[in-house]
Amino acid sequence: MGRDPRIVIIGAGVSGIATAVTLQRNGFHNFVILEKGSDVGGVWYWNRYPGLTCDVPSQLYQFGFAPKPDWSQVFAPGPEIQRYLADVAGRFELGPHLRFDSEVVAAEFTGSGWRVETGDGVVHEADFVIAATGVLHHPAMPDLPGLGDFTGQVLHTARWDDSVPTEGRRIAVIGTGSTGVQVVSALQRKAERITHFVRSPQWVIWAPMNLPQPALVGAVLEKLPQVNKALYQAGMAGAKLFTDVVTRPSWRRRVVQEYARVSLRAQIRNPEMREQLTPDYQPLCKRQVLSASYYRALRARNSELVTTGIETVTPTGIRTRDGRDHEVDVIVFATGFRAHDYMRPMNMTGREGISIDEAWAKGPRAYRMTAIPGFPNLFTVLGPNSPTGSIPLHHAAEVTARYITAWIQRWQAGEFDTVEVTEEATGRFEAEVAEALGPTVWNTGCNSWYFTEGGNIDLLPFDRHTMETMLAAPDERDFHLRRNA
Ligand code: NAP
């Protein structure tokens, strides 16, 4: 038994929970999880808009160490995912480690460790900081002219307010990502009128998002863990096919893309509407949207699709560039997230006072998604270049957490006091990523939230096996290991 490291995990979403459980299972108990929200779940805590459903099959959207056989649907609804995450936190006794309503405002490398401060003024001294702060974290709110004068109600999907009524009202929804498509489908049924403002149409692949998982399936999987495991592995094999489709051009990619085109043609017969809904980029280039109900909702008598640009918000609605006024009671922003603001706006400083904003002036970068030059003893989980568009995320978080744990074990054994990735190794990793991104579908000419302000695609263009290999064990040639003076 060596030294006992003090560890701060920032964030209690999927990646924070994966990290905490992995540390615990390896005998590390001296950690706190600082969470801005009042419960666990990360985006699944904050996101509560009507119609919220995960478009990854539930049997894959779970931790390898905490299988849940009895999901209610093949694609689980949002609240059930949040309950699952809370249940995992309970089962693995994370309660004593969790600090809710604790937003990290500053984190400073002291030369030998970290000093982390939360908004309520509490300071945590730590040997390691693990930032599990998430990608879909800060809601993006466009600064539309006139919005401040709107006399109706304004909602962002990532900060839904249940006290705002939507039934029997005239609703505008702005945004056509996975969120916009889900919220339009859910609100249309009971709204007096729903107007969907679409700046860039998305390809929407037909998939049975509300398909129930029969209770019998859950019961069988519960009784027969080996069948449950086989199902998980089959799902992983399916996910591998998906990774192949998005990362390499092939007939398989073309088949999926054709399916997206057929999904539109088969459901939208009106040529004018089909034209309005046809994107000018390849299917799969943006994060793919799945839905069985969106096109039907748009065809409903109380729906209108508006593809003319927004000129201004007026006190009573939205005026489009053709001079038309759309009177509404509620404006719903389904405009996504500032996905590359990892860890910000916290004031984070590394070695020699370098700030994370300076280090990432050209966009977020990290060696193998987890280590940042200039920031010793700090690791990210689902950080820059994480495989949000291709590999099951819980798995990616677990693999990264095990990698970080391996470094902490070496610290525990007294091999070093601080570990910092080299600039050279980080540059090498970036070059490998840039080259592999070339043939990916994300690079075929669309604008998506995958792009950083510096124009890089913030995704991992490798398959699961490559990701597992690169995080299998620390390669100390890529790091500076130092001892405190
Ligand atoms: P998103 O994919 O970034 O989409 C944002 C939408 O808002 C886009 O249609 C964008 O149009 C539009 N927009 C932004 N600013 C605008 C403006 N000023 N005027 C008009 N339109 C504007 O965001 P999201 O739908 O919240 O999805 C983000 C990610 O969350 C998804 O890609 C997915 O990974 C995840 N998600 C997953 C699920 C799920 O089922 N698992 C559900 C919801 C979300 P442009 O395209 O023209 O920029």
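Note that the coordinates shown come from a computational prediction; the quantities given were computed from them, not determined experimentally.

### Re the sheet that holds strand β19 (residues 378–380)
Step number 1: If you walk across this open sheet you meet the five strands as β3-β2-β1-β7-β19, and the pairing is parallel. Each having just a single partner strand, β3 (98–99) and β19 make up the two edges of the open sheet.
Step number 2: With four bridges connecting them, strand β1 (residues 7–10) and strand β2 (residues 31–34) associate as parallel partners. By the bridge assignment for β2, Val8 is matched with Val32.
Step number 3: In the packing of helix α1 (residues 14–25) onto the sheet, contacts are made with β1, β2 and β7 (128–131), and the angle to β1 comes to roughly 155°.
Step number 4: Across the sheet, helix α11 (residues 393–412) touches β1, β7 and β19, and the angle it forms with β19 is around 165°.

### A closer look at the sheet that holds strand β10 (residues 193–197)
Step number 1: A sheet is described by the order of its strands in space; here five strands give the open sequence β8-β17-β9-β10-β13, paired in parallel fashion. Since the sheet does not close on itself, it has two edges, and those belong to β8 (153–156) and β13 (303–306), each with one partner. With direction set aside, neighbouring strand axes in the sheet form an average angle of 20°.
Step number 2: Examined bridge by bridge, strand β9 (residues 170–174) and strand β17 (residues 330–333) share four bridges and lie parallel to one another. Pairing of Ile171 across the sheet is with Val330, part of β17.

### A word on the state of the cysteines
Joining two cysteines, a disulfide is a covalent bond between their sulfur atoms.
Step number 1: Using the criterion set out here, one finds one disulfide in the structure.
Step number 2: For Cys285, the disulfide goes to Cys446, at an S-S distance of 2.1 Å. On the sign convention where negative means left-handed, the S-S torsion of about -90° between Cys285 and Cys446 marks this disulfide as left-handed. Placement of Cys285 in the loop between α8 (271–277) and β12 (289–290) and of Cys446 in the loop between α12 (423–437) and α13 (464–470) is noted, with a sequence separation of 161 residues between them.
Step number 3: With a relative accessible area of 0%, Cys285 lands in the buried category.
Step number 4: On the basis of relative accessibility, which here comes to 11%, the residue Cys446 falls in the buried class.

### Things to note about the packing of helix α5 (residues 215–223) against helix α6 (residues 225–247)
Step number 1: Relative orientation of the contacting elements α5 and α6 amounts to 110°, with a least axis distance of 5 Å. Considering their axes alone, α5 and α6 lie roughly perpendicular with respect to each other. Contacts from Leu221, Glu222 and Lys223 of α5 reach α6 at Pro225, Val227, Asn228 and Leu231.
Step number 2: Here the contact of α5 with α6 is built from residues that sort into four nonpolar, one polar and two charged.

### Thoughts on the side chain of Thr380
Step number 1: Looking at the element boundaries, Thr380 is found in strand β19.
Step number 2: In terms of polar contacts, Thr380 uses its side chain to reach the backbone carbonyl oxygen of Met369, at 2.7 Å.
Step number 3: Thr380 has contacts with Ala131, Met343, Met369, Thr370, Ile372, Thr400 and Ile404, leaving out every residue within four places of it along the chain.

### Some thoughts on α1
Step number 1: Along its 12 residues, α1 runs 17 Å from first to last C-alpha, staying within 8% of the 16 Å computed at 1.5 Å per residue.
Step number 2: Within α1, 11 of the 12 residues are buried, which leaves the element mostly enclosed by the surrounding structure.
Step number 3: Val14, Ser15, Gly16, Ile17, Ala18, Thr19, Ala20, Val21, Thr22, Leu23 and Gln24 are the residues of α1 that are buried.
Step number 4: In the core, the buried residues of α1 are packed alongside β1, β2, α3 (78–91), β7 and α11.
Step number 5: Of the residues one or two after α1, Gly27 is the one with positive phi, at around 90°.

### Considering the packing of aromatic side chains
Step number 1: Across all of its chains, the model carries 16 aromatic pairs by this definition.
Step number 2: Ring geometry for Trp442 against Tyr450: centres 6.2 Å apart, planes inclined by 75°, an arrangement best described as edge-to-face.
Step number 3: Feature note: the residues Phe63, Phe65, Trp71, Tyr84 and Phe92 constitute an aromatic cluster, connected by ring pairs.
Step number 4: When the ring centre of Tyr45 is taken as origin, the NZ or CZ atom of Arg48, which lies over that ring, is 4.8 Å away.
Step number 5: Sitting above the plane of the Trp71 ring, Lys68 keeps its charged end 5.1 Å from the centroid.

### Regarding the site of the ligand
Step number 1: Around the ligand, 22 residues are found, and the nearest of them are Thr53, Thr176, Thr179, Ser200 and Lys286.
Step number 2: At 2.3 Å from an oxygen atom of the ligand is found a side-chain nitrogen or oxygen belonging to Ser200.
Step number 3: Within the complex, the protein chains bury 86% of what would otherwise be the 900 Å² of accessible surface of the ligand.
Step number 4: When residues in the shell around the ligand are grouped by element, the largest group, three residues, is from helix α4 (residues 178–188).

### Overview of the pairing of β2
Step number 1: Residues Phe31 and Ile33 point to one face of β2 and Val32 and Leu34 to the other, with burial holding for every one of them.
Step number 2: Crossover connection from β1 via α1 to parallel β2: handedness right-handed.
Step number 3: Direction of pairing for β2 relative to β3: parallel, over a ladder of two bridges. Looking at β3, one finds that Ile33 is bridged to Leu98.

### Observations concerning a positive patch on the surface
Step number 1: Taken together, the side chains of Arg189, Lys190, Arg296 and Arg299 define a basic patch exposed on the protein surface.
Step number 2: Topologically, Lys190 is positioned in the loop between α4 and β10.
Step number 3: Accessibility expressed as a relative area gives 54% for Lys190, which makes it exposed.

Cut-offs and rules
- Residues numbered from 1 in each chain as written.
- Predicted model: local features only at pLDDT ≥ 70, side-chain atom pairs only at ≥ 80, totals over all residues.
- Heavy atoms only, no water.
- Pairing = 2+ DSSP bridges.
- Helix = DSSP H or I, 4+ residues; strand = E, 2+ residues; numbered from the N terminus.
- Contact = heavy atoms within 4.5 Å.
- Axes fitted to C-alpha atoms, helices over the stretch in contact; angles between N-to-C directions.
- Disulfide = S-S within 2.5 Å.
- Buried < 20%, exposed > 50% of the residue type's maximum accessible area, 1.4 Å probe, protein only.
- Parallel < 35°, antiparallel > 145°, perpendicular 65-115°, else oblique.
- Nonpolar A, V, L, I, M, F, W, Y, C, P; charged D, E, K, R; others polar.
- Polar contact = N/O pair within 3.5 Å; in protein donor to acceptor, adjacent residues only side chain to side chain.
- Expected span 1.5 Å × (residues − 1).
- Phe/Tyr/Trp six-rings, centres within 6.5 Å; stacked < 30°, edge-to-face > 60°.
- Lys NZ or Arg CZ within 6 Å of the ring centre and 35° of its normal.
- Near = heavy atom within 4 Å.
- Areas by Shrake-Rupley, 256 points an atom, 1.4 Å probe, with all protein chains shown as cover.
- Right-handed = clockwise from strand over helix to strand, strands pointing away.
- Patch = residues over 30% accessible without salt bridge, like charges linked within 9 Å, V, L, I, M, F, W, Y side chains within 5 Å.
- Salt bridge = Lys/Arg side-chain N within 4 Å of Asp/Glu carboxyl O.
- Lys, Arg positive; Asp, Glu negative; His and termini not counted.
- Charge placed at Lys NZ, Arg CZ, Asp CG, Glu CD.

All quantities given are derived from atomic positions and should not be read as evidence of function.
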